[in-house]
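Chain and residue survey
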Amino acid sequence: MYKVVEKRVLSENVAKLIIENKTIAKNRKPGQFVIIKMGETGERIPLTIADSDTEKGTITIIVQKVGTSSHKLFNLNAGDHISDLVGPLGQPTKVENIGTVIAAGGGVGVAPLYPIAKAFKEAGNKLITILAARTKDLIILENEMKEFADEFMIMTDDGSYGKKGLITAGIEDVIKREKVDMVICLGPAIMMKFIALLTKKYNIHTIASLNTIMVDGTGMCGACRVTVGGKTKFVCVDGPEFNAHEVDFDGMLKRLNAYKKEEETSYSKYLKDLK
Amino acid sequence: MSVDYEALKKDRAQEWRENLRKSMPAKERTQIERAKMPENEPLIRNKNFNEVNKGLLEKQAIIEAKRCLDCPTPTCISGCPVNIDIPGFIKQIEKGNFLESAKVLKDTNALPAVCGRVCPQENQCESKCIYNKMKKPSVAIGYLERFASDYERNTGKVSIPEVAKSNNIKVAVIGSGPSGLTFAEEMCKLGYKVTIFEALHKFGGVLVYGIPEFRLPKKIVRAEINSLEKMGVKFVKNFIVGRSAGLDELKDQGFQGFFIGSGAGLPRFMNIPGENLVNIYSSNEYLTRINLMKAYKFPEYDTPIIRAKRVAVIGGGNTAMDSVRTAKRLGAEHAIIIYRRSEEEMPARIEEVHHAKEEGIEFLILTNPVEYIGDTEDKVKQIKVQKMELGEPDESGRRRPKPIPGSEYTIDIDIVIVGIGTSPNPLIPQTIKGLDVTRWGTLVVNEETLQTSIPYIFAGGDIVRGGATVILAMGDGKKAAESAHKYFINK
């Protein structure tokens, strides 16, 4: 059992949880994720690690309630326990000093982007951070991300905060203005797809961190498979980061929706049971 | 491992064994017909997850035990990867000493209730039985093994193997599947302090995520794990050696020896067009969702599984049979095995193929998928297959399938499950530096000692073999324990 030591609600649907786990706190690296399962009937879901505190032996995750499992997690409070938590999983981010790096994060994807962006900055890169969301309330970790970025920009679809427009517009502005050596993006698959299309046009190396459906998360089931460069890759052990220009995002998007109907059934049952 | 025939001879010469042999002439024994396993009705059981085989009745078991001739040189033992004293346990059954029989089994086999259910006896012990020479069905060794161990468990009088005085040497086992459990038990008996690290949230490895309830009830695996706990083996779940903590960290905690039994890993696919369409599963995923995550109880359990009318399973091994029989139980009207060779070459246990047929599974043999076709939502809707014929034997001795040109046609399908095997789990080779790995991703070990390229690390099961059976994995665990013990003595 793993104790939730702190909970902060960041917006209507997004919460930050700090959970005790000494071994993960000590050994996790940027880009890695954990698998969480809540109780006997729970499913195993992957969540990327946003931060950790080695001294306190805790990790931070950020969760957005979108279905049964994420809602269960969102509803936890300080003092509650999580039955199963395993990690860190996946290949850590390959951090290098290559010049100018754009870190582009959408929605809750900003959470796992935080340690990655920080690592690129610490490696000596010029870091341009662009955060995007549908609307102002959905922007998370603004202050944290701003703290170490050389340049910082916010984009919202509805113009309620920062600049109005999609994240790709913000990225393109930067690319047109100065030489960018690498883009790292994290967020909804559809956002990463369009970032990849954009940067391919400009031939800028781009890394996307994929968040697919997983069951075991340890290289056994193949639920997370995705086509990269024409080959089948497994996000849990080969990834989660891949060359965005080679990822078949359309295929990935379809696979992400594989259980849409079942997810709706489960969620409406969960919400009914809550009442 | 070698069979200690001297010890066996001594046991065989005991008075009670001699008297038992004399109690019925061999000729009369050979006239007895092999026991029939009581089974649940095929068309009822294919709608539930209850165990198919019900186990022999006491009376049946005693009669079956009489068939065993208690041979002076029992060849059956050489067919067993862990060299169980087969006549020894069978004769105890004949005498009615069922608990003693279970004890004999446990002397050499950490998981008899499991082996009695899932071993391919027809290729192992039973294939070496003297009855084969008489052109008669062999003694039902597997049924009897299951009988004795079930009897013991059901009476609640489970004997815990004796454990030597602690030598205070800490060893770590990576993975709680059959090889790891066996290694742990053997080392524990020898006085080592054993900790098993498991990546998943339940212990048992393939015994809990892979093999379905209807073939191996999970309570049996739990019982075997409980008895290891009673012996003093420590179990740690949700822990990935190499990621949750590195080897050096574990060494700092005092672990001096390691056994890697991390098992099967990534599912293999055929690399044909459309294989990543929606509703195409690997057997591992399909079975894990159902067995480990209990998706068949969705939405009571949160993990979903797609149910559909037409399900095809690609492959002819035990995993493919488990998958197709599971699909039938989830309500498939047509649950079809598609296999590129003929039935004769199928690697599945004969009993599984037989049970599958009884349950209404359809077999499309000498047929191979070449492409999957999706609908507008990218859900698989058809398989393009091609017919095959058998050519010359290949390195496995089985006749090699060859495509028949121009024989392609399509089959309408809602779900495909690909069960053509796995590659070894990549996590350990990725995270432990200095381990030699073959080009297939399996660990390189000394065949005699199962020692890896790092002297204090031993390995066995699918991470070494690539894909094999529960009993071979257990044999590895046992062999590795013997050589790890030697390693520590000579250190």
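Residues numbered from 1 in each chain as written. Chains lettered and ligands numbered in written order. Predicted model: local features only at pLDDT ≥ 70, side-chain atom pairs only at ≥ 80, totals over all residues. Heavy atoms only, no water.

**Points about the overall build of chain B**
Counting its secondary structure elements, chain B contains 19 helices and 16 strands. In terms of overall dimensions, chain B is globule-like: its C-alpha atoms have a radius of gyration of 23 Å, near the 23 Å expected for 491 residues. With the C-alpha coordinates aligned to their principal axes, the bounding extent of chain B is approximately 75 × 60 × 50 Å. Per-residue burial for chain B yields a buried fraction of 59% across its 491 residues. Contacts in chain B between residues far apart in sequence, at least 24 positions, make up 70% of those at least 6 positions apart. Here chain B has roughly 20200 Å² of accessible surface; of this, 50% comes from carbon and sulfur atoms. (Helix = DSSP H or I, 4+ residues; strand = E, 2+ residues; numbered from the N terminus. Rg over C-alpha atoms; globule rule 2.2 N^0.38 Å. Buried < 20%, exposed > 50% of the residue type's maximum accessible area, 1.4 Å probe, protein only. Contact = heavy atoms within 4.5 Å. Areas by Shrake-Rupley, 256 points an atom, 1.4 Å probe, with all protein chains shown as cover.)

**Some details on the confidence of the model for chain A**
The predicted model of chain A averages 95 in pLDDT, with 100% of residues at 70 or higher. Here helix α9 (residues 260–274) of chain A stands out as the least confident element of chain A, with mean pLDDT 93; strand β17 (residues 241–243) of chain A is the most confident, with 98. (pLDDT = per-residue confidence, 0-100.)

**A short note on the interface of chain A and chain B**
With 47 residues of chain A in contact, the opposing surface of chain B contributes 47 residues. Approximately 4000 Å² of surface area, both sides summed, lies buried where chain A meets chain B, with 54% of it carried by carbon and sulfur atoms. The largest share of the area that chain A buries against chain B comes from M220, R225 and Y259 of chain A, three residues that together contribute 17% of it. At the junction of chain A with chain B, the criterion picks out 5 salt bridges. Counting every contact that joins chain A to chain B gives 26 residue pairs in polar contact (both at pLDDT 80 or more). Mapped onto the side of chain A that touches chain B, the elements with two or more residues apiece are α1 (22–27), α2 (68–74), β8 (84–89), β15 (225–228), β16 (231–234), α8 (249–256) and α9 of chain A. Considering each element in turn, the side of chain A that touches chain B owes the most residues, 6 residues, to β8 of chain A. The class makeup of the residues in the side of chain A that touches chain B is 16 nonpolar, 18 polar and 13 charged. (Buried area = accessible area lost by both parts, 1.4 Å probe. Salt bridge = Lys/Arg side-chain N within 4 Å of Asp/Glu carboxyl O. Polar contact = N/O pair within 3.5 Å; in protein donor to acceptor, adjacent residues only side chain to side chain. Nonpolar A, V, L, I, M, F, W, Y, C, P; charged D, E, K, R; others polar.)

**As for helix α5 (residues 167–177) of chain A**
When α5 of chain A is considered as a whole, its buried residues turn out to be I167, T168, G170, I171, E172, V174 and I175 of chain A. The inward-facing, buried residues of α5 of chain A abut β9 (100–106), β10 (126–133), β11 (151–156) and α6 (189–201) of chain A.

**Regarding the sheet that holds strand β13 (residues 182–186) of chain A**
Residue and element names in this part refer to chain A. Read across the sheet, 7 strands follow the order β12-β11-β10-β9-β13-β14-β17 without closing on themselves; strand pairing throughout is mixed. Since the sheet does not close on itself, it has two edges, and those belong to β12 (163–164) and β17, each with one partner. Relative to β12, β11 is paired through 2 bridges, and the arrangement is parallel. Looking at β12, one finds that M155 is bridged to K163. On the sheet, α5 packs against β9, β10, β11 and β12 and is oriented at approximately 155° with respect to β10. (Pairing = 2+ DSSP bridges. Axes fitted to C-alpha atoms, helices over the stretch in contact; angles between N-to-C directions.)

**Focus on the packing of helix α6 (residues 86–95) of chain B against helix α9 (residues 141–155) of chain B**
Residue and element names in this part refer to chain B. α9 packs onto α6 with a crossing angle of 60° between their chain directions and a minimal axis gap of 10 Å. When the interaxial angle is binned, α6 and α9 end up oblique. Note on packing geometry: the crossing formed by α6 with α9 is left-handed. Contact residues: α6 offers I86, F89, I90 and I93, while α9 offers I141, L144, E145, F147 and A148. (Parallel < 35°, antiparallel > 145°, perpendicular 65-115°, else oblique. Left-handed = near helix turned anticlockwise from the far one by under 90°.)

**Regarding the sheet that holds strand β14 (residues 415–418) of chain B**
Within a beta sheet, neighbouring strands are joined by backbone hydrogen bonds and run either parallel or antiparallel to one another. Residues and elements named next belong to chain B. With parallel pairing, 5 strands are arranged side by side in an open sheet as β6-β14-β7-β8-β9. Looking at the sheet topology across the chains shown, the edges are occupied by β6 (280–282) and β9 (362–364). Averaged over all pairs of adjacent strands, the angle between their axes in this sheet comes to 25°, without regard to strand direction. Where strand β8 (residues 334–338) meets β9, 3 bridges bridge the pair, whose relative direction is parallel. Bridge pairing in β9 links I337 to F363.

**Things to note about the confidence of the model for chain B**
Model confidence for chain B is summarised by a mean pLDDT of 94, while 100% of its residues fall at 70 or above. Reported for the predicted complex are a pTM of 0.93 and an ipTM of 0.94.

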